[in-house]
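Here are the chains, one letter per residue:
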Amino acid sequence: MRAETDHLPQIRPAEDEVALSQAVALLAAGELVAVPTETVYGLAADATNDTAVASIFETKGRPAFNPLIVHCAERNEARLMGDFDDRASRLADMFWPGPLTLVVPRREGGSIAELTTAGLPTVALRIPGAGPVPELVTRLGRPLAAPSANRSGRLTATTAQDVAEELGDSVPLILDSGPSRIGLESTVIALLPQEPPRLLRPGGLDREEIERVLGEPLLGPGRAIASPGMLSTHYAPEARLRLDVRDPDADEAYLAFGPHRGPSGTPTLNLSPSGDLKEAAANLFSHLRHLDKDAARIAVAPVPRTGLGIAINDRLQRAAQRD
Ligand code: TXA
Ligand code: MG
């Protein structure tokens, strides 16, 4: 037996009361739990906890911060987080719970972590049609961010065993309810003001069914919101960003990292004084947003290009490239 057997994730039946309580306790403590849904297995964290959401990106090994789907227990809860127009309401009434994700304007003052939506003014919401997620959300009292439970760039996991193979010992608990019924991710639809309805990702719910309820055709993603690569315009601060700076200019605010501080008098926020990349990822969007209010130019300290630092640098570069 390998010594690391002790650390392999536990696979437990999703119906098991002890397993459910354990899952809620882990999620409340900011840990990850892999969960079955009718589409695919997800890697779940408390969607209101930036550090827990940073763990998702760390575990998946994603080289970029893509916005994640916020999973809710019921429609009223979803409405607290996003603005539903008439079209969104009709789709939610018709297809939730189910394999449909709605991207709508994010509500001001909500509790969703900035990292969950990658700093976007929109939020992707879904109520899964099977599995323990609604129950977990209810017991936790918070929604769950959950991307598909595979490593970045690899096949989607549709069984608990797939998840164990994909994520090895980096997730403490995998809830098992057998193979996912649909085996394909949810269909993602954007319903944004002054925009036609757009299909961002085909998935478990047929577009024809959606078009029938909307009474109009779905357009493609369009330039503003297309797919992951497209997310370049995602979070664009007003301020000009200058990267890899150790000595900010007098008129710049400073986004520091590690023990290195800006000159006194310079508005400074530190991504992680101890140099912890997970903490830095958790702080990235909210710190940028704050500094954006302080100055027309922001200097950013060097952030190591390893692990989560790759996604942090990717985001900073996109923000800096803006014309
Ligand atoms: O079936 C599913 O949807 C699974 C299960 C676990 O629920 N989840 C899933 O999540 O596939 P993920 O993170 O692998 O895919 C989320 C998709 C991505 O294509 C992402 O770009 C898009 O939703 N998305 C999320 N928030 C968005 C937003 N605010 N604007 C545009 N696209 C968004
Ligand atoms: Mg995925």
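1. What to know about the overall build of the chain
Here is step 1 of the chain: A tally of regular secondary structure across the chain gives ten helices and 14 strands.
Here is step 2 of the chain: On C-alpha atoms alone, the chain measures out to a radius of gyration of 20 Å, which is about the 20 Å that the 2.2 N^0.38 rule sets for 323 residues.
Here is step 3 of the chain: In the chain, which comprises 323 residues, the share counted as buried stands at 53%.
Here is step 4 of the chain: Sequence-distant contacts in the chain: of pairs separated by 6 or more residues, those separated by 24 or more amount to 66%.
Here is step 5 of the chain: Placing the 33 positive and 43 negative side-chain charges of the chain at their respective mean positions leaves the two points 4 Å apart.

2. Here's the deal with the nonpolar core
Here is step 1 of the chain: Counting residues in hydrophobic clusters, the biggest one holds 76 residues, and the most contacted among them are F65, L91, L102 and L125.
Here is step 2 of the chain: Top contributing element to this core by residue count: helix α9 (residues 277-294), with eight residues.
Here is step 3 of the chain: When residues no more than four places from it in sequence are discounted, the contact partners of L102 are F84, A88, L91, A92, W96, V123, A124, L125, I189 and L191.
Here is step 4 of the chain: If you look at the next biggest cluster of nonpolar residues, it comprises 18 residues, including V24, V35, L140 and L144.

3. A short note on helix α10 (residues 308-321)
Here is step 1 of the chain: Look at α10: 20 Å from first C-alpha to last across 14 residues, which is about the 20 Å you get at 1.5 Å a residue.
Here is step 2 of the chain: Among the residues of α10, those classed as buried are L308, G309, A311, I312, N313, D314, R315, L316 and A319.
Here is step 3 of the chain: Buried residues belonging to α10 abut α2 (50-60), β11 (240-242), β12 (252-256), α9 and β14 (297-300).

4. Details of the confidence of the model for the chain
Here is step 1 of the chain: Here the chain averages 91 in pLDDT, while 93% of its residues score no lower than 70.
Here is step 2 of the chain: A low-confidence stretch, residues 1-5 stays under pLDDT 50, and its non-local contacts, those more than four residues away or across chains, total one contact.
Here is step 3 of the chain: Counted against residues more than four places away or in other chains, residues 226-233, with its pLDDT under 50, gives 13 contacts.

5. Structural notes on the site of ligand 1
Here is step 1 of the chain: Taken together, 21 residues lie near ligand 1, and T39, H71, T122, S186 and R201 sit nearest.
Here is step 2 of the chain: T122 has a polar side-chain atom sitting 2.9 Å from a nitrogen atom of ligand 1.
Here is step 3 of the chain: A146 places a main-chain nitrogen or oxygen 3.5 Å from a nitrogen atom of ligand 1.
Here is step 4 of the chain: Alone, ligand 1 offers 680 Å² of accessible surface; in the complex the protein occludes 95% of this.
Here is step 5 of the chain: Counting only elements with at least two residues in the shell around ligand 1, the list comes to β4 (69-71), β6 (122-126) and β10 (198-201).
Here is step 6 of the chain: With three residues, the top contributor of residues to the shell around ligand 1 is β6.

6. A few points about the environment of A92
Here is step 1 of the chain: With respect to the helices and strands, A92 occurs in helix α4 (residues 86-95).
Here is step 2 of the chain: The class for A92 is buried, based on a relative accessible area of 1%.
Here is step 3 of the chain: Separated by 14 residues in sequence, A92 and A78 place their C-alpha atoms 9.6 Å apart.
Here is step 4 of the chain: The residues contacting A92, other than those within four sequence positions of it, are R75, F84 and L102.

7. Overview of the pairing of strand β5 (residues 100-105)
Here is step 1 of the chain: The element β5 is largely enclosed, with a buried count of six among its six residues.
Here is step 2 of the chain: Pairing geometry for β5 and strand β9 (residues 187-190), over four bridges, is parallel. Residue V103 lies in a different strand from β9, and its bridge partner there is A190.
Here is step 3 of the chain: Relative to β6, β5 runs antiparallel, the two sharing four bridges. Bridge pairing links V104 to V123 in β6.

8. A few points about the side chain of R87
Here is step 1 of the chain: Along the chain, R87 turns up in helix α4.
Here is step 2 of the chain: A polar contact of 2.8 Å, which involves the side chain of R87, links it to the side chain of D85.
Here is step 3 of the chain: With residues near it in sequence (within four places) discarded, R87 still touches L191, L192, E195, P196, P197, L214 and E216.

9. Points about the pairing of β14
Here is step 1 of the chain: Summarising the sheet, β11 and β14 pair through three bridges and their orientation is parallel. Counted as the bridge partner of R240 is R297 from β14.

So, how was this worked out
Residues numbered from 1 in each chain as written. Chains lettered and ligands numbered in written order. Predicted model: local features only at pLDDT ≥ 70, side-chain atom pairs only at ≥ 80, totals over all residues. Heavy atoms only, no water. Helix = DSSP H or I, 4+ residues; strand = E, 2+ residues; numbered from the N terminus. Rg over C-alpha atoms; globule rule 2.2 N^0.38 Å. Buried < 20%, exposed > 50% of the residue type's maximum accessible area, 1.4 Å probe, protein only. Contact = heavy atoms within 4.5 Å. Lys, Arg positive; Asp, Glu negative; His and termini not counted. Charge placed at Lys NZ, Arg CZ, Asp CG, Glu CD. Core = buried A, V, L, I, M, F, W, Y, C linked by side-chain atoms within 4.5 Å. Expected span 1.5 Å × (residues − 1). pLDDT = per-residue confidence, 0-100. Near = heavy atom within 4 Å. Polar contact = N/O pair within 3.5 Å; in protein donor to acceptor, adjacent residues only side chain to side chain. Areas by Shrake-Rupley, 256 points an atom, 1.4 Å probe, with all protein chains shown as cover. Pairing = 2+ DSSP bridges.

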